[in-house]
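Structural features, examined
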Amino acid sequence: MKKNFTLAFLVILVAVASCSFTNKSFENDDKDKLLLDLITYVLEKGHYEPKNLNDSFSSNVFDDFIDILDPTKRYFLASDVREFEKYRFMIDDEIKNTEITFFNIVYQRLKKRMGEAEEIYKDVLDTPFDYNKSETINIDYKDQEFAANKKQLRERWRQQLKYNTLGVYDNKLSENEDNLPVAELEAEARETTENTLGEFFDFINDLERKDWFVQYINTIVDEFDPHTYYFAPDDKEKFDIGMSGKFEGIGARLQKKPEGAKVVEIISGGPVWREQSLEVGDEILKVGQEGEEPTDIVGMRLDDAIKLIKGPKGSTVDLTVRRVDGTIEEVSITRDVVMLEEAYAKSATVKDAGNKYGLINLPKFYVDFEDYTERNAATDVAKEVERLKEEGVEGIILDLRDNGGGSLKTVVDMAGLFIKDGPIVQVRSSGQRKEVHEDKDERIQWDGPLVILVNELSASASEILAAAMQDYKRAVVIGSKQTFGKGTVQNVIPLDNIVRSNEHGNLGAIKLTTQKFYRINGGSTQLEGVKSDIVVPDRYSYIDLGERDQENPLEWDRISAADYEAWDGYIDFESTIANSKKRMSENPYIELIEENAKWLKEQQDETTVSLNYDAYKQREEQAKKKSEQFKSLRDYDSELTFESLRYETELFTQDSVLREKRNRWHKNLAKDIYVEEAINVLKDLKLNNIKGAERRLASVKG
């Protein structure tokens, strides 16, 4: 259905647009203006919830563009922003008239201020820092005012550079095996910072005007919702590579932050996953190449930071990382080809007190849109279910934690494995009636106890499946308070398809939000996600994650419910949930996880940092000491036994890497308190399932 909608949308769009968008659209043949006109046209005609281009929209673009260009407020002066203010409520008019005066003025001023900043940082770093002085810096830049004058701006740079150099200075003191004088170490630390900034500005100076204009375009696009995005030609190529499931890098997905790039996902099977060198929540501050001085990525565009991090297989990248607990480390990672193989479904058996259960891990809902008969998530999960049945399992856990979603069709097919038939998800396009996607196959592949594991990073398709099983009362959902909350569908529209007689070259593409998901009970998964039946805390419980923490998300709403009947295979479903909640409340490890989560939130909320070395060192030591208290969580042992299925053990003789991957996976599962509780729930559901079967049998006999 998704592919068909894209085709229909393109046909309409091209039919209307091909008459308008030609090379003669503008007298000066300006590609930037053509892009602006094309993209706003597509947004107006194709977005699920088009925005009104009014003064409010204009004001938001104004603030966001300035913030994206200067997030740490180290370039523009307050007088610059006052000068820009005349355009605050004119950007919408410029868009309608295909003008880019605001962009041109801001871009030219930014180039000038960045040139001045190069002189400022060099001048500041010529003078030693006094680490005995008692002073602090506020790294919450969002609410800071712009510098009133160049003197204040220089002082802001001094504090920022002292902050950046403090960690380097501390490392040099700690590694001072030659007993060099402190003054010499301090000078070396400043030199390191200067070299890092030099590389950063060399990188910035290499950017072309078109790179900054793409950022402006995406500032406009981002006002519609966080998942609508313009791909410049190079970015579109990278997107296509990503969809193919093979690229060279470190295997981590990143999110832009004022202080660097935040790790939001670890790609299974990639270098980071294998080396366990990073975790979700870590922030990358600097990037170095094979032992060279690192480049500070603070304030750098995310795409540009990623370019530094990615590289050919076998090369090494050195990352300066601020851990979730606030400590700073340097991590070296050997880049490699990140394969899709570890994104495929895999399963294991779980033995507990003579009983055997099954666990299926599904990292994403993958599919080949060109040929659905090729490998896809639904058929793979079906195979794993059959294999687990052959092993004689008495219950199944479907692990959707960290699953960011994927194909809608695979969700419908997969849900059909666990119910007789009926609706799975409702989808609505802008201005259209809802469509109900149903499982029409009456066969049930697995009618036994079922538990679904989710967390804050379970998104989109994961939420649809969890929601459907929850609404049918077919499975117990265990995990975070709520899932990610992405209830929208995107389609990629190549802009070249819309322009007739294009002489500007590749125009890129736009990823456009075109539809919205709804549960069969009528509620949207947008923003609210899926609320777990049994809430279990994890270390990210209080950290900002999810759709609700994105800029400009679409709102939650409700439509009419679909016609469905709840699963009747369990007796006293609610008592199973109540028993689990009681176990969780009495588990000391759960209390420790909760305490750890609160502490991590406190660490992230602490935005005032001392620039006095002794105070800085004391804070670092306190953080490390506190972090040690939670190390026992890593030593947890559920005493459950996990084993690969027979078909995999036969492969181990020829694939030692696969054996190592599965051994590590099983080892981590044995330490996973959430999996342990899922097994306990399966035990309760098993009893309920037996009672349900007895009841149905008695009813038939009666």
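Residues numbered from 1 in each chain as written. Predicted model: local features only at pLDDT ≥ 70, side-chain atom pairs only at ≥ 80, totals over all residues. Heavy atoms only, no water.

**Some thoughts on the confidence of the model for the chain**
Of all residues in the chain, 89% have pLDDT values of 70 or greater, and the mean over the chain is 87. When the criterion is pLDDT under 50, residues 1-29 qualifies, and its contacts beyond four places in sequence or with other chains add up to 57 contacts. Contacts for the low-pLDDT stretch residues 240-246, under 50 throughout, to residues beyond four places or in other chains number 8 contacts. (pLDDT = per-residue confidence, 0-100. Contact = heavy atoms within 4.5 Å.)

**Regarding the sheet that holds strand β17 (residues 476-479)**
Where strands meet in a sheet, backbone hydrogen bonds hold them as pairs that are either parallel or antiparallel. Strand order in the open sheet made by the 7 strands is β20-β17-β16-β13-β12-β11-β22, with mixed pairing throughout. Edge positions in the sheet fall to β20 (534-535) and β22 (641-643), since each has one partner strand and no second. The strands touched by helix α15 (residues 461-471) are β13 (396-399), β16 (450-454) and β17; relative to β16, the strand with the most contacts, the crossing angle is about 140°. Contacts from helix α20 (residues 656-670) reach β11 (346-352), β12 (355-361) and β22, with the element oriented near 45° to β11. (Pairing = 2+ DSSP bridges. Helix = DSSP H or I, 4+ residues; strand = E, 2+ residues; numbered from the N terminus. Axes fitted to C-alpha atoms, helices over the stretch in contact; angles between N-to-C directions.)

**Brief notes about the pairing of strand β8 (residues 316-322)**
Buried residues dominate β8, accounting for 6 of its 7 residues. In the sheet, strand β6 (residues 283-289) pairs with β8 via 6 bridges, with the strands oriented antiparallel. By the bridge assignment for β8, Gly-288 is matched with Asp-318. Note that β8 and strand β9 (residues 328-334) share 7 bridges and pair antiparallel. (Buried < 20%, exposed > 50% of the residue type's maximum accessible area, 1.4 Å probe, protein only.)

**With respect to the packing of aromatic side chains**
Taken as a whole and assessed by the stated rule, the structure comprises 24 aromatic pairs. Between Tyr-87 and Phe-102 the ring centres are 6.1 Å apart and the planes differ by 45°, which places this aromatic pair in the tilted class. In this pair, Tyr-87 sits in the loop between α4 (78-84) and α5 (91-96) while Phe-102 sits in helix α6 (residues 101-124), placing the two residues 15 residues apart along the sequence. The exposure classification of Tyr-87 matches that of Phe-102, with both residues buried. Grouping aromatic residues by their ring pairs yields a cluster made of Phe-62, Phe-65, Tyr-87, Phe-102, Phe-103, Tyr-107, Phe-213 and Tyr-216. Geometry around Tyr-647 places Arg-387 over its ring, the cationic atom sitting 3.6 Å from the centre. (Phe/Tyr/Trp six-rings, centres within 6.5 Å; stacked < 30°, edge-to-face > 60°. Lys NZ or Arg CZ within 6 Å of the ring centre and 35° of its normal.)

**As for the pattern of salt bridges**
Taken as a whole and assessed by the stated rule, the structure comprises 49 salt bridges. A salt bridge links Asp-67 to Lys-142; the nearest nitrogen and oxygen atoms lie 3.3 Å apart. Of this pair, Asp-67 sits in helix α3 (residues 55-69) while Lys-142 sits in the loop between β1 (136-138) and α7 (150-174), placing them 75 residues apart in sequence. Since its relative accessible area comes to 23%, Asp-67 is described here as partly exposed. We note a salt bridge from Arg-109 to Glu-83, for which the minimum N-O separation is 3.0 Å. Residue Arg-109 is located in helix α6, and its partner Glu-83 is located in helix α4; the two are separated by 26 residues in the primary sequence. A relative accessible area of 17% places Arg-109 in the buried class. Assessed through its relative accessible area of 41%, Glu-83 is described here as partly exposed. Connected through shared salt-bridge partners, Asp-80, Glu-83, Arg-109, Arg-113, Glu-116 and Lys-150 make up one network. (Salt bridge = Lys/Arg side-chain N within 4 Å of Asp/Glu carboxyl O.)

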